[in-house]
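Descriptive analysis of the structure
Listed here are the chains, written in short residue letters.
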Amino acid sequence: MLNYIFEIVGTIAFAFSGIKVASNSRYDIFGGFVLAFCVAVGGGTVRDCMLGVPPFWTTSPIYVICTLIAMGLFFMLKFRFAAIPRKLNQFVFVLSDTIGLALFTIAGAEKSHAYGMPIWVSIGMGCMTGVLGGIIRDVFAGIKPTIFSEDFYATASVIGGIVYFALLYIAFPVGIASISGMATIVVLRILAVNYKWHLPML
């Protein structure tokens, strides 16, 4: 049940970031929906295929509905975005993307472990679930993927996954472990963006 909630909220958050990028890139409404949906379900689709189970979004229309809800929220707020400072506008995008990253990372790690994957594989699968949506969004929009160039993205995801499993190992309840893992990802990413933290460049 907890995993399902994470996937629902994460779908809305990631779809919102996708539709915002689509708007900035001057997509039409259909193109915006396609981009938002691909962002929202891309990482989870690859994860489920690797686990040998039906992709999560094929089991219920709720994920299409979540994408439509995200589009509705964007259109309700679109003109407000034009009136707020650019830095705040960018923060809204980073926040929605980071929330999606955090939720899908923990959901992916939890689901992978439930299907018998060892902890180190589950951390990697959680990271993949979280970051692939952002890669798809950036590639479709013709932007250099964030994961390859800017701030702590995949790094925050991996650390959040480690925190999640570390707390489970010392017998914390799964809810507390999940929230702690997600909070770690959100805090690290926001700090990285704010203070321009980077991994060493090649």
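The shown structure was predicted, so the numbers you read here are calculated from the model rather than taken from an experiment.

Thoughts on a nonpolar patch on the surface
Judged by side-chain polarity, L2, Y4, I5, V9, L88, F91, L95, I99 and V174 come together as a nonpolar surface patch covering roughly 680 Å² of accessible area. For the nonpolar patch, the elements supplying multiple residues, two or more each, are α1 (2–24) and α4 (86–114). You can see L95 is positioned in helix α4.

As for the pattern of salt bridges
One pass over the structure, following the stated rule, counts six salt bridges. We note a salt bridge from K111 to D48, for which the minimum N-O separation is 3.1 Å. Residue K111 is found in helix α4, and its partner D48 is found in helix α2 (residues 29–51); the two are separated by 63 residues along the sequence. Here D97 makes a salt bridge to R137, at a shortest N to O gap of 2.8 Å. Here D97 is found in helix α4, whereas its partner R137 is found in helix α5 (residues 119–140), with 40 residues between them in sequence. The residues D97 and R137 share a single accessibility class, namely buried.

Observations regarding the packing of aromatic side chains
Each pair of aromatic rings is reported with the distance of its centres and the angle of its planes. This structure, assessed with the given rule, holds eight aromatic pairs. Seen from their ring centres, F56 and Y63 are 4.8 Å apart, and the 85° between their planes marks the pair as edge-to-face. For Y63, a relative accessible area of 2% puts it in the buried group. Summarising the aromatic geometry, the rings of F74 and F75 are spaced 5.8 Å apart at their centres and angled 70° between planes, so their arrangement reads as edge-to-face. Overall, the relative accessible area of 4% leaves F74 in the buried class. An aromatic cluster is defined as three or more aromatic residues linked by ring pairs; in this entry it consists of F14, F56, Y63 and F104.

Digging into the packing of α1 against α2
Remark: α1 packs on α2, axes separated minimally by 7 Å, with the N-to-C direction vectors making an angle of 140°. With respect to α2, the element α1 is oriented oblique. Remark: the crossing between α1 and α2 carries right-handed chirality. Here E7, T11, F14, A15, S17, G18, I19, V21 and A22 of α1 come into contact with α2, specifically with G32, F33, L35, A36, V39, A40 and R47. Residue composition of the contact of α1 with α2, grouped by class: ten nonpolar, four polar and two charged.

What counts, and where the lines are drawn
- Residues numbered from 1 in each chain as written.
- Predicted model: local features only at pLDDT ≥ 70, side-chain atom pairs only at ≥ 80, totals over all residues.
- Heavy atoms only, no water.
- Patch = residues over 30% accessible without salt bridge, like charges linked within 9 Å, V, L, I, M, F, W, Y side chains within 5 Å.
- Areas by Shrake-Rupley, 256 points an atom, 1.4 Å probe, with all protein chains shown as cover.
- Salt bridge = Lys/Arg side-chain N within 4 Å of Asp/Glu carboxyl O.
- Helix = DSSP H or I, 4+ residues; strand = E, 2+ residues; numbered from the N terminus.
- Buried < 20%, exposed > 50% of the residue type's maximum accessible area, 1.4 Å probe, protein only.
- Phe/Tyr/Trp six-rings, centres within 6.5 Å; stacked < 30°, edge-to-face > 60°.
- Axes fitted to C-alpha atoms, helices over the stretch in contact; angles between N-to-C directions.
- Parallel < 35°, antiparallel > 145°, perpendicular 65-115°, else oblique.
- Left-handed = near helix turned anticlockwise from the far one by under 90°.
- Contact = heavy atoms within 4.5 Å.
- Nonpolar A, V, L, I, M, F, W, Y, C, P; charged D, E, K, R; others polar.

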